[in-house]
Amino acid sequence: MNIDRRKLLLGGMLAIGFAALSPLVSLPARASVIRGTAYKAPGCNCCDLWANHMREAGFDIRMLEDSDLAVRKIRHGITSDLASCHTALIDGYVVEGHVPADIVRRLLSERPEGVAGISVPGMPVGTPGMPGPKAGPVDVLAFGNGRPKVYATF
């Protein structure tokens, strides 16, 4: 077997060159997907539209029907003044109703002390998942310790 020294030397140099460059070359980091589970009353379609809004924003939302949604809401601190048609659990927080994805991202980024979750009470037209033109600004309420407070307005 005849080994060409030039090819062997060239191959070795290439291997060393790639090894030296490998720390400098990196693939773009993939943003981690934020997963959540949302619960809705059977047959509610606007909840599915909200879940689609969240998915389009990069969230991985699983929507489940819950025939005893009121009990779940109580268990997670959703009082009647905060309630909407669906309740989501996302990265340790409760997200009630038609909250926009960018405000959920803000919550997950800021992680404010004493906040268990955020809510858009009721089902305001023009919010994510609720078709039609928005009539005016909508408040997103933060709840947890103490009385609910306005966390954001959109």
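Residues numbered from 1 in each chain as written. Predicted model: local features only at pLDDT ≥ 70, side-chain atom pairs only at ≥ 80, totals over all residues. Heavy atoms only, no water.

The residue D91 is not glycine, and still its phi comes out positive at about 50°. Topologically, D91 is positioned in the loop between β3 (86-90) and β4 (93-97). We classify D91 as partly exposed; its relative accessible area is 43%. (Helix = DSSP H or I, 4+ residues; strand = E, 2+ residues; numbered from the N terminus. Buried < 20%, exposed > 50% of the residue type's maximum accessible area, 1.4 Å probe, protein only.)

A residue-level look at the chain finds 80% of positions with pLDDT of 70 or above and a mean pLDDT of 86. This stretch, residues 6-30, has a pLDDT under 50; its non-local contacts, to residues over four places away or in other chains, come to one contact. (pLDDT = per-residue confidence, 0-100. Contact = heavy atoms within 4.5 Å.)

We now examine the sheet that holds β4. With respect to topology, seven strands assemble into an open sheet ordered β2-β1-β3-β4-β5-β6-β7, the strand pairing being mixed. On the outer flanks of this sheet lie β2 (59-65) and β7 (146-153), each paired with one strand and no other. This sheet shows a mean twist of 25° between the axes of neighbouring strands, independent of strand direction. Across seven bridges, the pairing between strand β1 (residues 34-40) and β2 is parallel. Bridge pairing in β2 places I34 opposite F59. Sheet strands touched by helix α2 (residues 45-56): β1, β2, β3 and β4. Its angle to β2, the strand with the most contacts, is close to 165°. (Pairing = 2+ DSSP bridges. Axes fitted to C-alpha atoms, helices over the stretch in contact; angles between N-to-C directions.)

Applying the stated criterion across every chain, the model contains zero aromatic pairs. The ring of Y39 is capped by R72, whose NZ or CZ atom sits 3.5 Å from the centre of that ring. Against the face of Y151 rests R106, its NZ or CZ located 4.1 Å from the ring centre. (Phe/Tyr/Trp six-rings, centres within 6.5 Å; stacked < 30°, edge-to-face > 60°. Lys NZ or Arg CZ within 6 Å of the ring centre and 35° of its normal.)

Attention now moves to α2. The end-to-end C-alpha separation of α2 is 17 Å, in line with the 16 Å expected for 12 residues at 1.5 Å each. Those residues of α2 that sit buried are C46, C47, W50, A51 and M54. Viewed end-on, α2 has its buried residues packed into an arc of 150°, placing them on one side of the element. Of the residues in α2, the exposed ones pointing more than 90 degrees away from the buried face are N45 and E56. Buried residues in α2 make contact with β1, β2, β3, β4 and α4 (101-110). G58 occupies a position one or two residues after α2 and carries a positive phi of about 100°. (Expected span 1.5 Å × (residues − 1). Arc of directions from axis to C-beta.)

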